[in-house]
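# Fold and contact review
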Amino acid sequence: MQDAFKLAKDLDIKISLETDLSPIAFKELLEQIGLDFVQANYDIGNSASLGFDPKEELNAYGQRILNVHVKDRKLGGTTVPLGTGNADINLVIQKLQEFGYSGGLTMQAAWRINDVKTAKEQLNYVLNLLNK
């Protein structure tokens, strides 16, 4: 990774890590790396599937989040339509707003037979949460 870190620094590129580490272990990894341009990608659904507490995660490394994947999953399960799994998307958005988060939101929501209709429904779900 040292070669990638050097190249990223030389090119002024940020690196966003997504792991399945516990909140404290991920925070410690970011601290051990010790580079401002190495940050976190937070996947709401993956964290829910792993049974992580979003408050604990965001308190541990929320200020280091570069990008967020908006996804919902059941505990130990696969991706499901937004609002039907164990992810507390509303809480995550509220906490990110408290931090003044201005990074990206990547929709990784579940698909169905009518992908366009499903995408619109799930986008509206997120927009409603953002507008609260």
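Figured I'd write up the structure that's included with this text. (Residues numbered from 1 in each chain as written. Predicted model: local features only at pLDDT ≥ 70, side-chain atom pairs only at ≥ 80, totals over all residues. Heavy atoms only, no water.)

### Here we look at helix α5 (residues 89-99)
Count 3.6 residues to each turn of an α-helix, and residues three or four apart come out pointing the same way. Quick reminder of the rule: Whether a residue is buried, partly exposed or exposed follows from its accessible area with a 1.4 Å probe, protein chains only, as a fraction of its type maximum: under 20%, in between, or over 50%, in that order. Only DSSP runs of H or I with at least four residues qualify as helices, and only runs of E with at least two residues qualify as strands; both kinds are numbered from the N terminus onward. By the convention used here, residues are in contact when the closest approach between their heavy atoms is within 4.5 Å.
Among the residues of α5, Ile89, Leu91, Val92, Ile93, Lys95 and Leu96 are the ones counted as buried. Residues of α5 that are buried make contact with β2 (38-43), α3 (44-50), α4 (54-61), β3 (65-70), β4 (72-73) and α6 (115-131). Just downstream of α5, Gly100 is the residue with a positive phi angle, here 75°.

### Examining the packing of helix α2 (residues 23-33) against α4
Defined as follows: Every axis corresponds to a line fitted to the C-alpha atoms, with the helix fit spanning only the stretch in contact, and the corresponding angles, defined between N-to-C directions, vary from 0 to 180 degrees. Oblique is the label for every angle not falling under 35 degrees (roughly parallel), over 145 degrees (roughly antiparallel), or within 65 to 115 degrees (roughly perpendicular). Less than a right angle of anticlockwise turn of the near helix away from the far helix marks a crossing as left-handed, whereas a clockwise turn marks it as right-handed.
The contact between α2 and α4 brings their axes to 9 Å, and the two run at 15°. Here α2 lies roughly parallel to α4, going by the angle between them. Crossing of α2 over α4 shows right-handed handedness. In contact with Pro23, Ile24, Phe26, Lys27 and Leu30 of α2, α4 contributes Glu56, Glu57, Ala60 and Tyr61.

### A word on the side chain of Ser49
Put simply, the rule reads: As used in this structure description, the phrase polar contact means that two N or O atoms lie within 3.5 Å; if the pair is within protein, one of them must be able to donate a hydrogen and the other to accept it, and residues adjacent in sequence are counted only when both atoms belong to side chains.
Residue position: Ser49 is located in helix α3. At 3.1 Å, the side chain of Ser49 forms a polar contact with the side chain of Arg73.

### Some words on a nonpolar patch on the surface
To be explicit about the condition: Like charges are joined within 9 Å and nonpolar side chains (Val, Leu, Ile, Met, Phe, Trp, Tyr) within 5 Å, but only among residues with over 30% relative accessible area and no salt bridge; these make up the patches. Note on areas: these come from Shrake-Rupley sampling with a 1.4 Å probe, and a residue is covered only by the protein chains present in the view. Every case where a carboxyl oxygen of Asp or Glu lies within 4 Å of a side-chain nitrogen of Lys or Arg is listed as a salt bridge.
The grouping of Leu105, Met107, Leu123, Leu127 and Leu130 at the surface amounts to a nonpolar patch, some 370 Å² of accessible area in total. For the nonpolar patch, the secondary structure elements donating two or more residues are β6 (104-107) and α6. Residue contributions to the nonpolar patch peak at 3 residues, all from α6.

### Here's the deal with the environment of Lys95
Looking at where Lys95 falls in the secondary structure, it is placed in helix α5. Each C-alpha atom of the pair Lys95 and Ser49 lies 19 Å from the other, and the pair is 46 residues apart in sequence. Here Lys95 is in contact with Leu58 and Asn59, once residues within four sequence places are set aside.

### Some details on the packing of α4 against α5
In helix packing, the relevant descriptors are the interaxial angle and the interaxial distance, both defined with respect to the helix axes. In plain terms, the rule: Asp, Glu, Lys and Arg are counted as charged, while Ala, Val, Leu, Ile, Met, Phe, Trp, Tyr, Cys and Pro are counted as nonpolar; the rest, among them Gly, fall into the polar class.
α5 packs onto α4 with a crossing angle of 20° between their chain directions and a minimal axis gap of 10 Å. With respect to α5, the axis of α4 lies roughly parallel. Classified by chirality, the crossing of α5 by α4 is right-handed. From α4, Pro54, Lys55, Leu58 and Asn59 reach across to α5, where they touch Leu91, Val92, Lys95, Leu96 and Phe99. Considering only residue class, the contact of α4 with α5 consists of 6 nonpolar, 1 polar and 2 charged.

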